[in-house]
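# Fold and geometry: a report
Listed below, chain by chain, are the residues.
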Amino acid sequence: MDYKLIRENFTVRKTIYDGVVQQSAELDYILPDYYPEIYKVLNIRLLPFIQKRSLNGTKLEYELAAKVRLVYVSESGEISAVEQVLSYGKSQELGQAAKSMRICLSPYTDSVSCRVVNKRRVDIRGIISVAVSVTADETKQAVSGASGGGIQLKKSLITYPSRRIAVTKRVTVVDDVELGTNYPALKTVVRADSSVISFEKKILSGKLLTKGEAEVSLLYIPEGSAEPQSIKFNIPFSQISDIEGLDERYDLVLDANVVSCEIKPSSKTETPSVNCELGIDISCLAMKFESAELATDGFSTIYETELESCRESIECIPVPINESHRQKSSLTYNDGEIHSVIYAGAEVGRITCEQLKDGEIILRGRITIYAYAKNESGMPIYLETTEQLEHRIAGSAQEICASAEVHAMVNSASYNLTSSNALEVNADIKLSGYLYEESERSFISGVSLDESRPIESDRDIAIKLYYAEAGEEPWEIAKRCHAGVAAITEENELDCERLSEPKMILIPIVD
């Protein structure tokens, strides 16, 4: 018997590469002559970022940079800081090429340590990890219709991303910022942190228009004073990007992240000012979603049937995350008493996610709570502790959280002395980004009729009676009785997926 199957294409996300690449960072550093000698190291930071990336065939090439900032105190009690940028060329063989590739590179510091060799020389060692994720589109097929052979199909409507456009644009913002008459001129940067606090987007004539503001938190040593100063200021940024194929039909997932922050003294204004250069990565994932009715089950009213099925993970529309988290921690000075606190804050590392069986999602990351202070002798000291940040959000047990791209921004940090040698720090943190969820579905990829095994039925009977229980599906009744689904629903005036009560069902016998 002749019969025809109609198939339809749909798209799923395919993982090309997912792994972590490590890079050791080593620096034997000798202080310049004009810097004071090292009496005691306060802290050492290793700040990795991606300078550039490219895809050549099946090879991913990128340049990993890391800023090393050493903060120390001299014998006179003066705080000084030096920094050096290390650079590494890296490559990763992906093994295959694919269309609509999306590349995510997330560098973070695993560890860093410092050994003072002598008063002018330090040996710095660290380990940097880069989480590398490369995904692409893969086209699949499933049965969406059939004619002939008495084939009956149960269909389900799915929504899937038919096309993705993934690009990352680097925006460099340079601005001279006046500190104001109440703030002295900058001499040495002790700490400079920056994050995007607002972000807007618009699509216009195939161009992506983005604008926002980045907040810079600066702790510095002023000219002519050993007393550190802290200040916050905002820097606006904007970008117009040409993205081929982009229009209003796409759903946009946008992320702006400050990857580098350079602060230097500036003499362009009469009042004390600084020159600030920010490197901001704007990551754009544009997704065009389409819908299709695909077969999830089938049978024939005439012949025994064999079904070929496939199980696929269908990518859902990304879920935005905008959560607030508070972290409280205690810092203890074991070598004496704390006379005063100069500055207290927190920084959060890479955020990962885990989904529990009930669908709840846990966001985790390493958080460092720190404080610059002075002891009873007036000597600067540095205190820090590293803890686990854990934040829970509601999720769905029907969807699988495949991955997350979430950034943590410390909005503010407050402290209070709890004893002569301890203080408590409260950090208010904003967690923002997206969860990428998938729904596992089974589809029919093929239907085979065995013409040597016809369905046994009494064609002399025009109609059968079937007593259905509450909760039964018309589809299952039709499949069990080898009858047409449309005929049963029409004959019995059924417009529901399940019967709400027991019911006598008429089963038409149709060739």
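It should be emphasised that the depicted structure is a prediction, and the values quoted were computed from it without experimental measurement.

Let us now look at the sheet that holds strand S12 (residues 273-300). The pairing of strands in a sheet comes from backbone hydrogen bonds and takes either a parallel or an antiparallel form. Taking strand neighbours across the sheet as the criterion, the three strands line up as S7-S12-S11 in an open arrangement whose pairing is antiparallel. The outermost strands of the open sheet, each flanked by one partner alone, are strand S7 (151-178) and strand S11 (251-266). Neighbouring strand axes in the sheet, compared pairwise and without regard to direction, differ in orientation by 10° on average. Pairing geometry for S7 and S12, over 27 bridges, is antiparallel. Bridging from a neighbouring strand, lysine 154 pairs with aspartate 297 of S12. Strands S7 and S12 of the sheet are contacted by helix H1 (residues 474-481), whose axis makes an angle of about 40° with S12.

Glancing now at the pattern of salt bridges. As enumerated under the stated definition, the model contains 34 salt bridges in all. Close ionic contact of aspartate 123 with arginine 125 constitutes a salt bridge, the shortest N to O distance being 2.5 Å. Aspartate 193 serves as the salt-bridge partner of arginine 191, at 2.9 Å between the closest nitrogen and oxygen. The exposure class assigned to aspartate 193 is partly exposed, which follows from its relative accessible area of 23%. Salt bridges here are not isolated pairs; linked through shared partners, they connect Arg13, Asp137, Arg164, Glu315 and Glu438.

What follows concerns the state of the cysteines. The final tally for this structure, using the stated rule, is zero disulfides. Cysteine 401 takes part in no disulfide bond, and the closest cysteine sulfur, belonging to cysteine 353, lies 3.7 Å away. On the basis of relative accessibility, which here comes to 12%, the residue cysteine 401 falls in the buried class.

What follows covers the UniProt feature "domain: SipL SPOCS" (unreviewed entry) in the protein chain. Those residues carrying the UniProt feature "domain: SipL SPOCS" (unreviewed entry) are residues 188-263 in this numbering. Summarising residues 188-263: 0% helix, 79% strand, and an end-to-end C-alpha distance of 9 Å.

Rules of the game
What you see as residue numbers is a count from 1 along each chain, following the sequence as written. Reporting of local features is limited, given that this is a predicted model, to residues whose pLDDT is at least 70; pairs of side-chain atoms are given and counted only at 80 or more, and all residues count toward the totals for whole chains, interfaces and linings. With hydrogens and water set aside, each side-chain value is computed from the structure's full complement of heavy atoms. Strand pairing requires that DSSP identify at least two bridges connecting the strands. Segments assigned H or I by DSSP are reported as helices when at least four residues long, segments assigned E as strands when at least two residues long, and all are numbered from the N terminus. Axis definition: a line fitted to C-alpha atoms, limited for helices to the stretch in contact. Angles are taken between N-to-C directions and run from 0 to 180 degrees. Any two residues whose heavy atoms approach within 4.5 Å at even a single point are treated as in contact. One side-chain nitrogen of Lys or Arg within 4 Å of one carboxyl oxygen of Asp or Glu is enough to make a salt bridge. Buried means the residue's accessible area, taken with a 1.4 Å probe over protein chains only, is under 20% of the maximum for its type, while exposed means over 50%, and partly exposed covers the values in between. For this text, the term disulfide refers to a pair of cysteine sulfurs within 2.5 Å. UniProt positions are given in the numbering used here, feature names are shortened, and annotations may be inferred rather than shown by experiment.

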